[in-house]
Amino acid sequence: MFTAWSTPGIALLIVALQGVSLAQAVGVFIFSSALIVLFGLTGISDRLIKYIPVSVAAAILAGILLKFVLAVMPAVYQQPIIAGSLVIAFFVLRYLTPRFVFFWVLLLALGLPALMQDLDFTQLSFSMPAWVWVWPEFDLSLMIGIGIPLFVVTMVSQNLPGIMMLRSNGYAPPMSPLLTTTGLAGLILAPLGAFAINLAAITAAICQSPDVDPDSSQRYKAAVAGGIFYLLAGLASSVIVGLFLMLPAAVTATIAGLALLPVLSSNMFKAFSDADNQLPPILAFLTTASGTHFFGINSSFWGLLIGIVAFYLARHFKAKQAVK
């Protein structure tokens, strides 16, 4: 299982941490991670996950991925030669060398802009990462006002989609140990700037697709390889960030969309393959894809809530009709 930092959490903190010192921010990170540990140790998560239908889980993940895949066509419009070539190469190479398709696509993504002199080399920098320990400062109002929202966002926008992604791909690990482990990692690494360590959804979905290996029991190797790459990427972070920054934005959007297209396709199939029960997953999908944040809570939470309510209402009414 892949882990990651919470992207919605970053969006929350960009606004919420204005005027907050780094030491106070670390105190917020520790508090939020402690809540995740508590949630995992109590076992509440494992009891809740049993009531989430696989079709709704797949629909929510599809809704999360949709915006990334939709960005491909505007990118092709902006950069027709480069982005268009990447799309064509992706579909051709998927049949010729399916295991290495993204290796070739990445090479093309660097090579074509270089040939067209469309790379911004000023973005490249070379520097080793430095570890800086920050002692926390605990402010009750900040922990309640920022720490609790960060905990909620991390749970509903990352951990729940992450575990639902696992379920939609046929895996059923207990959620409590996963939450406890990631929460403890967050507690330990918060003074180094790790604001939230959680289950990954999008990157993990790539590692669990049939393209990785037809045998689902062997797909863990992709996650292991990804973890090793994480370590190497951390050491070379300045170079990797610079490489992506020097690419045209349309090229980066195309790479992301193409990488997630097979994952979106498989989850759409899982969500809507039952012709007699398509309304709950479509409601979950549309709500999640809308990106609407009611009361500051991510749309994936509302998609989950609406999808579950619709699923059990439909099952209730069908059971009553069967009795009649």
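Just so we're clear, the structure is a prediction, and the values are computed from it rather than from any experiment. (Residues numbered from 1 in each chain as written. Predicted model: local features only at pLDDT ≥ 70, side-chain atom pairs only at ≥ 80, totals over all residues. Heavy atoms only, no water.)

**Q** Describe the overall build of the protein chain, with residues and values.
**A** The helix and strand tally for the protein chain stands at 15 helices and 2 strands. Expressed along its principal axes, the backbone C-alpha trace of the protein chain runs to roughly 70 × 50 × 35 Å. Split into buried and exposed, the 324 residues of the protein chain put 43% on the buried side. Summarising the internal contacts of the protein chain: among those between residues at least 6 apart in sequence, 81% fall at separations of at least 24. For the protein chain, the exposed surface amounts to about 16900 Å²; the carbon and sulfur share of it is 73%. One way to put it: in the protein chain the 13 positive side-chain charges average out to a point 15 Å from where the 10 negative ones average out. (Helix = DSSP H or I, 4+ residues; strand = E, 2+ residues; numbered from the N terminus. Buried < 20%, exposed > 50% of the residue type's maximum accessible area, 1.4 Å probe, protein only. Contact = heavy atoms within 4.5 Å. Areas by Shrake-Rupley, 256 points an atom, 1.4 Å probe, with all protein chains shown as cover. Lys, Arg positive; Asp, Glu negative; His and termini not counted. Charge placed at Lys NZ, Arg CZ, Asp CG, Glu CD.)

**Q** Which residues make up the side chain of Gln 24, and what are the values?
**A** Topologically, Gln 24 is positioned in helix 2 (residues 22-41). By relative accessible area, Gln 24 is classed as buried at 16%. Other than its neighbours up to four places away in sequence, Gln 24 contacts Glu 137, Asp 139 and Leu 142.

**Q** An account of the packing of aromatic side chains is needed here, citing residue identities and associated values.
**A** All chains considered together, the criterion is met by 7 aromatic pairs. With centroids separated by 5.7 Å and ring planes inclined at 70°, the aromatic side chains of Trp 133 and Trp 135 adopt a geometry described as edge-to-face. Classification of Trp 135 by relative accessible area gives exposed; the value is 67%. Aromatic side chains Phe 272 and Phe 285 sit 6.1 Å apart centroid to centroid with 90° between the ring planes, which places their arrangement in the edge-to-face category. (Phe/Tyr/Trp six-rings, centres within 6.5 Å; stacked < 30°, edge-to-face > 60°.)

**Q** Quick rundown of helix 13 (residues 249-272)? Include the residues and the values.
**A** The end-to-end C-alpha separation of helix 13 is 33 Å, in line with the 34 Å expected for 24 residues at 1.5 Å each. The sharpest bend along helix 13 measures roughly 35° and falls at Leu 261, with the proline Pro 262 sitting one to four residues further on. (Expected span 1.5 Å × (residues − 1). Bend = angle between axes of the 7 residues up to and from the residue.)

**Q** Outline the packing of helix 4 (residues 54-70) against helix 13, supporting the account with residue identities and numerical values.
**A** Between helix 4 and helix 13, the shortest axis-to-axis distance is 8 Å and the interhelical angle comes to 155°. Between helix 4 and helix 13, the crossing angle belongs to the class labelled roughly antiparallel. Considering only the axes of helix 4 and helix 13, their crossing is left-handed. Where helix 4 approaches helix 13, its residues Ser 55, Ala 58, Ala 59, Leu 61, Ala 62, Leu 65, Leu 66, Phe 68 and Val 69 are matched on the opposing element by Ala 253, Gly 257, Leu 260, Leu 261, Val 263, Leu 264, Asn 267, Met 268, Lys 270 and Ala 271. Residues of the contact of helix 4 with helix 13, tallied by class, amount to 15 nonpolar, 3 polar and 1 charged. (Axes fitted to C-alpha atoms, helices over the stretch in contact; angles between N-to-C directions. Parallel < 35°, antiparallel > 145°, perpendicular 65-115°, else oblique. Left-handed = near helix turned anticlockwise from the far one by under 90°. Nonpolar A, V, L, I, M, F, W, Y, C, P; charged D, E, K, R; others polar.)

**Q** Can you break down the environment of Leu 112 residue by residue, with the values?
**A** Here Leu 112 is to be found in helix 7 (residues 101-115). Distance from Leu 112 to Val 69, taken between C-alpha atoms, is 21 Å for residues 43 residues apart in sequence. Apart from residues no more than four positions distant in its own chain, Leu 112 is found in contact with Ile 82 and Ser 85.

**Q** I'd like to hear about the nonpolar core, residue by residue, with values.
**A** Judged by nonpolar contacts, the single largest core of 37 residues is most densely connected at Ile 60, Ile 163 and Met 164. When contributions to this core are tallied by element, the ones reaching two or more residues are helix 4, helix 8 (140-168), helix 9 (175-189), helix 10 (202-207), helix 11 (220-235), helix 13 and helix 14 (279-290). Broken down by element, the residue count for this core peaks at 10 residues, all from helix 4. Once you skip the residues sitting within four places of it in the chain, Ile 60 turns out to touch Met 164, Ala 284, Thr 288, Ser 300, Gly 303 and Leu 304. Ile 82, Val 87, Phe 90 and Val 251 belong to the second largest nonpolar core, which has 19 residues in total. (Core = buried A, V, L, I, M, F, W, Y, C linked by side-chain atoms within 4.5 Å.)

**Q** Mind laying out the confidence of the model for the protein chain, listing which residues take part and the relevant values?
**A** Predicted confidence across the protein chain gives a mean pLDDT of 80, with 92% of residues reaching 70 or more. Within the protein chain, helix 1 (residues 7-16) has the poorest average pLDDT of any element, 69, and helix 2 the best, 90. (pLDDT = per-residue confidence, 0-100.)

**Q** Tell me about helix 4, residues and numbers included.
**A** Look at helix 4: 24 Å from first C-alpha to last across 17 residues, which is about the 24 Å you get at 1.5 Å a residue. The largest bend along helix 4 measures about 30° and falls at Ile 64. Extensive coverage of helix 4 is indicated by the burial of 12 of its 17 residues. Within helix 4, the full set of buried residues consists of Ser 55, Val 56, Ala 57, Ala 58, Ala 59, Ile 60, Leu 61, Ala 62, Gly 63, Ile 64, Leu 65 and Val 69.

**Q** Can you lay out the side chain of Thr 182 for me, pointing to particular residues and giving the numbers?
**A** Tracing the sequence through the fold places Thr 182 in helix 9. Apart from the residues within four sequence positions on either side, Thr 182 is in contact with Thr 3, Ile 36, Ile 197, Asn 198 and Leu 199.

**Q** Now, about the packing of helix 6 (residues 80-96) against helix 13: what can you tell me, with residues and values included?
**A** Orientation of helix 6 relative to helix 13, taken along the N-to-C sense of each, is 25°, at an axis distance of 9 Å. Between helix 6 and helix 13, the crossing angle belongs to the class labelled roughly parallel. The interaxial crossing formed by helix 6 with helix 13 has right-handed handedness. On the side of helix 6, the interface is formed by Ile 82, Ala 83, Leu 86, Val 87, Phe 90, Phe 91 and Arg 94, while helix 13 contributes Val 251, Thr 254, Ile 255, Leu 258, Leu 261 and Pro 262. Residue classes in the contact of helix 6 with helix 13 are distributed as 11 nonpolar, 1 polar and 1 charged.

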